[in-house]
Amino acid sequence: MATVSLRSVRKSYDAQEVVHGVDLEVADQEFVVLVGPSGCGKSTLLRMIAGLEDISGGEIAIGDRVVNEIDPKDRDVAMVFQDYALYPHLTVFQNIAFSLQYRGVGKADIARRVAQAAAILDIESLLDRKPRQLSGGQRQRVAMGRAIVREPKVFLFDEPLSNLDAKLRVQMRTEIKKLRERVRTTAIYVTHDQVEAMTLADRIVLMHNGRVEQIGTPEDVYDEPATLFVAGFVGASAMNLVAGRVENGAQGCAVILGNGARLALPASRFEAHADMPVTVGLRPEHLHWSHYGTPSLQGTARVVEPLGSDTLVVFDLAGCELQARLPPRLVRRAGDPVSVAIAPEAIHLFDPATGHRL
Amino acid sequence: MTRPSGGWWATRRNRQFALIVCFLLPSLVVFFLYRLLPLGWNVILSFQAWSPLKPAQWIGLENYAEMWAYDDVFWVALKNTLIFIAASPLAIAAALGIALLVNSDLKGAAVYRTIVFLSYPLMAVAVGIIWRWMYDERGGIINYALRASGLTTRPIGFLQDFDWALPSVIFAEVWQVIGFYMIILLTGLQSIPPNLYEAAHIDGAPARARFFRITVPMLRPSLFLCAVVGILNSFGSFDLVYIMTNGGPGHATELLITHIYKSAFVQSKFDYAAALTVVQFGLLVILTVAANRAAGGNVGAVERD
């Protein structure tokens with residue numbers, strides 16, 4: 001039970017700064033996911049919280065206690081590593097019990113707590129085995145067991161699912177979510193996979209080049225990406241980002257794409273940006289097949305990728321290439337006409353100079 | 001079902017077998033001629049009375065009885081050989097210490113690593129001569145340093161003194177082989193994933209526990225590899241002893257191997273030397289197998305999860 005506070009936390013190696021002042025407040029029992037491409041500083045930040053990396057500037061507090069100078073073992077955090085970091089020469093039981101032995105827990109108590117953790121993770125039958133006799137998913141569970149048996153204040157997860165194959169990863173993701181319902185401990189989870197971030201997080205911290213781009217619930221970052229980077233990163237299929245220009249004319253406020261395609265914007269919101277060049281963000285799933293009567297955008301299909309449940313269509317619209325996720329069988333092959341529309345509220349506009357949302 | 005015609009040569013499996021044999025044959029011939037054959041002949045010889053000008057005569061265990069009952073030098077040599085072996089754990093421990101230092105963030109670690117290893121490729125004869133000079137009673141640098149620092153007033157005859165001779169030779173031997181141990185252990189250390197230490201650190205294991213519960217068990221195969229090499233070295237350090245003391249003073253640094261040499265080539269007792277060799281070989285096999293057993297049968301392996 002603890003909050004975690006990061007106050008303008010910095011990290012530099014020699015002269016090179018890799019984390020540039022991160023502020024973050026993690027509430028008690030909250031599950032926060034740090035997500036971003038590799039090299040964005042998310043793992044470094046997690047390791048600083050764990051105490052495995054020195055803090056070059058700023059302050060990290062767990063609960064009310066500033067931990068900058070406190071040894072990792074005294075921070076009362078447990079960490080799950082990407083490659084599990086199980087002790088290969090110890091059995092599963094010994095692996096899980098390892099930390100308790102150094103925390104003055106009695107033998108009987110250790111046995112009870114290990115059994116309890118094993119029951120939660122469904123690995124009771126594996127306790128006598130060595131890590132090399134386990135599958136990837138089982139090792140992952142043992143690594144989790146090692147963390148939860150401690151009953152720490154904070155769980156730290158460093159890309160725990162990255163070494164698993166795609167199917168197992170989805171399965172373990174669900175397991176973590178279930179586990180979360182049983183063990184409500186503050187958790188900070190690092191991943192480069194935006195799906196993992198969206199599905200697991202109470203709140204997502206999007207990082208890029210050592211800076212926080214946006215902090216918010218999965219819905220927040222999906223509905224209102226704060227920057228171009230977030231817009232491009234979040235979402236199952238990447239958002240279309242094309243150049244456009246805001247126009248405030250007799251027909252109301254609109255954005256003009258390429259050589260003339262006109263998308264109506266919500267009234268009043270963008271009036272101040274009239275005649276400004278912008279980057280327009282359109283999610284493929286928000287471009288819907290236009291029915292009779294609705295004003296539509298006409299284009300020509302370039303690539304058609306049927307997925308079964310729906311079809312990804314790359315099409316040409318007034319000189320811009322866009323992707324749309326459309327119902328199946330409406331567009332069959334390249335060259336077919338595409339007719340789509342988008343709700344004005346689903347259009348995102350960004351300042352191309354700063355990358356910020358307008 | 002029709003079998004391919006053309007007999008034995010026609011099946012792919014047999015052709016491959018023939019090829020494998022062709023590749024193996026040169027090594028096997030050398031192995032047989034220079035290893036198995038002499039060893040076998042040596043065993044036979046050990047049950048015979050034979051000298052170059054006399055016909056061999058079967059005498060059963062007489063050579064062994066002589067060794068057991070009458071040859072005091074054999075027992076001294078055996079004791080010295082075992083002391084030599086017993087010194088290798090100390091050498092391995094020292095090498096582990098150096099390997100840990102060199103593996104740390106120490107500035108110039110690569111330079112130290114090279115310096116420590118440099119002694120190993122030296123010829124044992126050269127090492128023997130170097131150390132003989134250094135141990136020298138009058139002009140040796142060790143005596144000079146001891147006297148200059150006031151630790152002793154009279155020079156110590158390291159290689160002439162009955163008490164000092166064996167430790168001095170062992171020290172030179174350790175000095176030479178320690179670089180090899182260090183490289184083996186360093187490789188072992190570097191194959192331990194660093195996140196095990198991080199995990200243990202977060203788990204709250206103090207430095208001592210991290211060493212004994214992670215480093216040592218993870219290094220076990222490397223440690224035992226060093227132990228086996230140490231045993232082999234102890235049995236084989238003929239050249240070093242031959243150059244430094246030739247087994248003396250008296251028999252204070254006599255090893256089985258020097259005793260064998262002297263029996264055979266100084267006293268021309270080839271039959272008796274053969275029996276000594278059989279004993280040494282047996283001892284070697286027993287110790288090596290025991291070491292490998294103790295290592296869980298995976299000497300030199302790198303244990304991973």
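Residues numbered from 1 in each chain as written. Chains lettered and ligands numbered in written order. Predicted model: local features only at pLDDT ≥ 70, side-chain atom pairs only at ≥ 80, totals over all residues. Heavy atoms only, no water.

(A) The arrangement of the overall build of chain B in detail. Within chain B, the secondary structure is distributed over twelve helices and two strands. Going from the N terminus to the C terminus, chain B shows its helices and strands as α-β-β-α-α-α-α-α-α-α-α-α-α-α. Rg of the C-alpha trace for chain B: 25 Å, well past the compact-globule value of 19 Å for 305 residues, more than 25% over. In terms of its C-alpha atoms, chain B occupies a principal-axis envelope of roughly 85 × 65 × 30 Å. Relative to its 305 residues, chain B shows a buried fraction of 40%. Nonlocal contacts in chain B, meaning residues at least 24 apart in sequence, comprise 65% of its contacts between residues at least 6 apart. Once the 21 positive and 17 negative side-chain charges of chain B are each reduced to a mean point, those two points are 11 Å apart. (Helix = DSSP H or I, 4+ residues; strand = E, 2+ residues; numbered from the N terminus. Rg over C-alpha atoms; globule rule 2.2 N^0.38 Å. Buried < 20%, exposed > 50% of the residue type's maximum accessible area, 1.4 Å probe, protein only. Contact = heavy atoms within 4.5 Å. Lys, Arg positive; Asp, Glu negative; His and termini not counted. Charge placed at Lys NZ, Arg CZ, Asp CG, Glu CD.)

(B) Representation of the interface of chain B and chain A in the model. Listed per partner, the contact involves 19 residues of chain B and 27 residues of chain A. Together chain B and chain A conceal approximately 2,100 Å² of surface at their shared face, both sides included; 58% is due to carbon and sulfur atoms. At the boundary of chain B and chain A, one finds two salt bridges. One salt bridge in this structure joins A:R150 and B:D203, with 3.7 Å as the shortest N-O distance. Across the contact surface, chain B and chain A share eleven residue pairs in polar contact (both at pLDDT 80 or more). Taken together, the elements giving at least two residues each to the side of chain B that touches chain A come down to helix 8 (194-203) and helix 9 (207-236) of chain B. Ranked by residues supplied to the side of chain B that touches chain A, first place goes to helix 8 of chain B with eight residues. (Buried area = accessible area lost by both parts, 1.4 Å probe. Salt bridge = Lys/Arg side-chain N within 4 Å of Asp/Glu carboxyl O. Polar contact = N/O pair within 3.5 Å; in protein donor to acceptor, adjacent residues only side chain to side chain.)

(C) Highlighting the nonpolar core. In terms of nonpolar packing, the biggest core is built from 83 residues, with A:L6, A:L45, A:L156 and B:Y181 touching the most fellow members. Counting residues per element, this core draws most heavily on helix 7 (residues 165-190) of chain B, at 14 residues. Beyond its immediate chain neighbours, meaning those up to four positions away, B:Y181 contacts B:S88, B:A91, B:I92, B:A95, B:C226, B:V229 and B:G230. The next biggest cluster of nonpolar side chains, apart from the first, holds 48 residues, and it includes A:F31, A:V105, A:L161 and A:L179. (Core = buried A, V, L, I, M, F, W, Y, C linked by side-chain atoms within 4.5 Å.)

(D) Fine view of helix 1 (residues 42-50) of chain A. Most of helix 1 of chain A is tucked away, with eight of its nine residues classed as buried. Positive phi shows up at A:G51, right after helix 1 of chain A, with a value of about 95 degrees.

(E) Focus on the packing of helix 11 (residues 256-266) of chain B against helix 12 (residues 270-294) of chain B. Residues and elements named next belong to chain B. Helix 12 packs onto helix 11 with a crossing angle of 160 degrees between their chain directions and a minimal axis gap of 8 Å. Taken together, the axes of helix 11 and helix 12 are roughly antiparallel relative to one another. At the point where helix 11 passes helix 12, the crossing takes the left-handed sense. Together, L256, I257, H259, I260, S263, A264 and F265 of helix 11 and F270, Y272, A273, L276, T277, Q280 and L283 of helix 12 make up the contact between the two elements. (Axes fitted to C-alpha atoms, helices over the stretch in contact; angles between N-to-C directions. Parallel < 35°, antiparallel > 145°, perpendicular 65-115°, else oblique. Left-handed = near helix turned anticlockwise from the far one by under 90°.)

(F) Broad picture of the side chain of A:Q214. All names here are of chain A. Looking at where Q214 falls in the secondary structure, it is placed in strand 10 (residues 211-216). Its relative accessible area of 11% is what places Q214 among the buried residues. A polar atom in the side chain of Q214 sits 2.8 Å from the backbone nitrogen of A226.

(G) Here's a closer look at unusual backbone geometry. All names here are of chain A. The backbone of Y84 sits at a positive phi, close to 70 degrees, despite the residue not being glycine. Tracing the sequence through the fold places Y84 in the loop between strand 6 (77-80) and helix 2 (92-101). Owing to a relative accessible area of 6%, Y84 belongs among the buried residues under this scheme. One non-glycine residue, E151, lies in the positive phi region at around 50 degrees. Turning to its location among the elements, E151 is positioned in the loop between helix 4 (136-148) and strand 7 (154-158).

(H) Examining the sheet that holds strand 10 of chain A more closely. Residues and elements named next belong to chain A. A sheet is described by the order of its strands in space; here six strands give the open sequence 6-7-8-3-9-10, paired in mixed fashion. With partners counted over all chains shown, the strands left at the sheet margins are strand 6 and strand 10, one partner each. Sheet twist, expressed as the mean angle between neighbouring strand axes with direction ignored, is 15 degrees. Strand direction decides the pairing type here: strand 6 and strand 7, joined by four bridges, are parallel. Along strand 7, the bridge assignment pairs A78 with F155. Relative to strand 6, helix 4 is tilted by about 175 degrees, and along the sheet it contacts strand 6 and strand 7. (Pairing = 2+ DSSP bridges.)

(I) Spotlight on the layout of surface pockets. All names here are of chain B. Counted as a void, the largest pocket has a volume near 730 Å³. Among the elements that line the lining of the largest pocket, the one with the most residues is helix 1 (residues 12-45), at eight residues. The residue makeup of the lining of the largest pocket, split by class, is 17 nonpolar, three polar and one charged. (1 Å grid on protein atoms, 1.4 Å probe; cavity = no way out; pocket = protein on both sides within 12 Å on 5 of 7 lines; lining within 4 Å. Points joined across faces, edges and corners; volume = space filled by probe spheres on them. Nonpolar A, V, L, I, M, F, W, Y, C, P; charged D, E, K, R; others polar.)

(J) View of a negative patch on the surface. Negative charge collects at one region of the surface, where A:E219, A:D220, A:D223 and A:E224 lie side by side. Relative to the elements of secondary structure, A:E219 occurs in helix 7 (residues 218-223). (Patch = residues over 30% accessible without salt bridge, like charges linked within 9 Å, V, L, I, M, F, W, Y side chains within 5 Å. Areas by Shrake-Rupley, 256 points an atom, 1.4 Å probe, with all protein chains shown as cover.)

(K) Structural view of helix 5 (residues 124-135) of chain B. All names here are of chain B. Here helix 5 spans 16 Å end to end across twelve residues, near enough to the 16 Å set by a 1.5 Å rise per residue. Three or more residues of helix 5 are buried, namely A124, V127, G128, W131 and Y135. Buried residues in helix 5, looked at end-on, bunch into an arc of 100 degrees, giving them a common side. In this fold, the buried residues of helix 5 make contact with helix 6 (141-148), helix 7 and helix 10 (238-244). (Expected span 1.5 Å × (residues − 1). Arc of directions from axis to C-beta.)

(L) Spatial organisation of empty space enclosed by the protein. All names here are of chain B. For the coordinates displayed, the defined rule picks out three cavities of 30 Å³ or more. For the largest cavity, the full set of lining residues is F84, A87, S88, A91, I170, E173, V174, V177, Y181, G230, N233 and S234. Elements that contribute at least two residues to the lining of the largest cavity include exactly helix 3 (72-103), helix 7 and helix 9. Tallying contributions element by element places helix 7 first for the lining of the largest cavity, with five residues. Of the residues assigned to the lining of the largest cavity, the class counts are seven nonpolar, four polar and one charged.

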